[in-house]
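# Remarks on the overall topology
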Amino acid sequence: MEPKAIFEAVRGKFGKAVVELQEEGFRPAFVVVSPESVREISLFLRDDPAMKFDSLMCLSGVDYKDRFAVAYHLHSLAIGHRIGVKAYLPREAPSLPSVDGVWPAANFQEREAFDLYGIVFTGSCDLRRILLPEDWVGHPLRKDYKYPEFYHGIKV
């Protein structure tokens, strides 16, 4: 199925929760959705017989300086098509529903986005730091992050 057809099907079901289709310069194309609708739309993309997006290939946090985004790269092994789903988040308290109950592989990737960007995935089965120690201050992939000089008395 072509990206435009996927976008039209998702927009037909979810209306204003589907913001736009980003095709120009994107591979795969991205369906931009409202953050609060991510889980519901993910379930539709996985379970609808015409979609069958059974594989979450990648989930990434992105810092655009003025806002964050979470990008999901989806693939249908059964049908062979791909699409990206993206949700934009505010810089202050970025949060959206977890999809680890939709695609279990999301858990590791959500934890990474949480650890490195501070994006909270509500309803996650195990949201905790994965790369940095629990007492680390801040989120190092944020563009405004200031690296500490010392950690536990050791020069970083």
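The structure reproduced in this document is the subject of the present report.

Moving on to unusual backbone geometry. Cis geometry marks the peptide bond from R27 to P28, where omega comes out at 0°. Along the chain, P28 falls in the loop between strand 1 (18-22) and strand 2 (30-33). Of note, K65 is a non-glycine position whose phi angle comes to about 70°, a positive value. With respect to the element layout, K65 can be found in the loop between strand 3 (55-63) and strand 4 (67-75). Its identity is not glycine, yet A93 carries a phi of approximately 55°, on the positive side. Among the secondary structure elements, A93 is positioned in the loop between strand 5 (82-90) and strand 6 (95-97).

It is worth spelling out the sheet that holds strand 3 at this point. Across the sheet, which stays open at both edges, the 5 strands sit in the order 1-2-5-4-3 with mixed pairing between neighbours. In the strand order of this sheet, the two ends are held by strand 1 and strand 3, each with one partner. Sheet twist, expressed as the average angle between the axes of neighbouring strands with direction ignored, equals 20°. Pairing analysis gives 8 bridges linking strand 3 to strand 4, with the strands arranged antiparallel. Residue G61 lies in a different strand from strand 4, and its bridge partner there is V70. Most of the contacts of helix 1 (residues 3-14) go to strand 1, to which it runs at about 175°, and overall it touches strand 1, strand 2 and strand 5.

All chains considered together, the criterion is met by 7 salt bridges. Put simply, D47 and R46 hold a salt bridge, and the shortest N to O gap is 2.6 Å. Taking the relative accessible area as the measure of exposure, D47 reaches 46% and is therefore partly exposed. The salt bridge partner of R128 is D126, with a shortest N-O separation of 2.7 Å. Accessibility expressed as a relative area gives 40% for R128, which makes it partly exposed. One salt-bridge network, held together by shared partners, links D63, R91 and D144.

In this section: the nonpolar core. Formed by 39 residues in total, the largest nonpolar core has its most connected members in L45, L59, Y72, L74 and L96. Put simply, the parts of the chain that give this core at least two residues each are helix 1, strand 1, strand 2, helix 2 (38-47), strand 3, strand 4, strand 5 and helix 3 (106-117). Not counting the four nearest positions on each side in its chain, L59 is found in contact with V70, A71, Y72, V99, A106, Q109, E110, A113 and F121.

The subject of this paragraph is the environment of A87. Topologically, A87 is positioned in strand 5. Residue classification places A87 among the buried residues on the basis of a relative accessible area of 0%. In this view, A87 contacts V33, P35, V38, F68, A69, V70 and L96; residues no more than four positions away in its chain are not counted.

For the rest of this paragraph, the subject is the packing of aromatic side chains. Evaluated as defined, the whole model comprises 6 aromatic pairs. On the numbers, 5.6 Å between centres and 75° between planes, the contact of F14 with F44 is edge-to-face. Taken as a pair, F14 in helix 1 and F44 in helix 2 lie far apart in primary sequence, 30 residues in all. Just as F14 is buried, F44 falls in that class too. Directly above the aromatic system of F30 lies the positively charged group of K86, at a separation of 4.7 Å from the ring centroid. Here K155 stacks its cationic end above the ring of F150, 5.5 Å away from the centre of that ring.

Thresholds applied
- Residues numbered from 1 in each chain as written.
- Predicted model: local features only at pLDDT ≥ 70, side-chain atom pairs only at ≥ 80, totals over all residues.
- Heavy atoms only, no water.
- Helix = DSSP H or I, 4+ residues; strand = E, 2+ residues; numbered from the N terminus.
- Pairing = 2+ DSSP bridges.
- Axes fitted to C-alpha atoms, helices over the stretch in contact; angles between N-to-C directions.
- Contact = heavy atoms within 4.5 Å.
- Salt bridge = Lys/Arg side-chain N within 4 Å of Asp/Glu carboxyl O.
- Buried < 20%, exposed > 50% of the residue type's maximum accessible area, 1.4 Å probe, protein only.
- Core = buried A, V, L, I, M, F, W, Y, C linked by side-chain atoms within 4.5 Å.
- Phe/Tyr/Trp six-rings, centres within 6.5 Å; stacked < 30°, edge-to-face > 60°.
- Lys NZ or Arg CZ within 6 Å of the ring centre and 35° of its normal.

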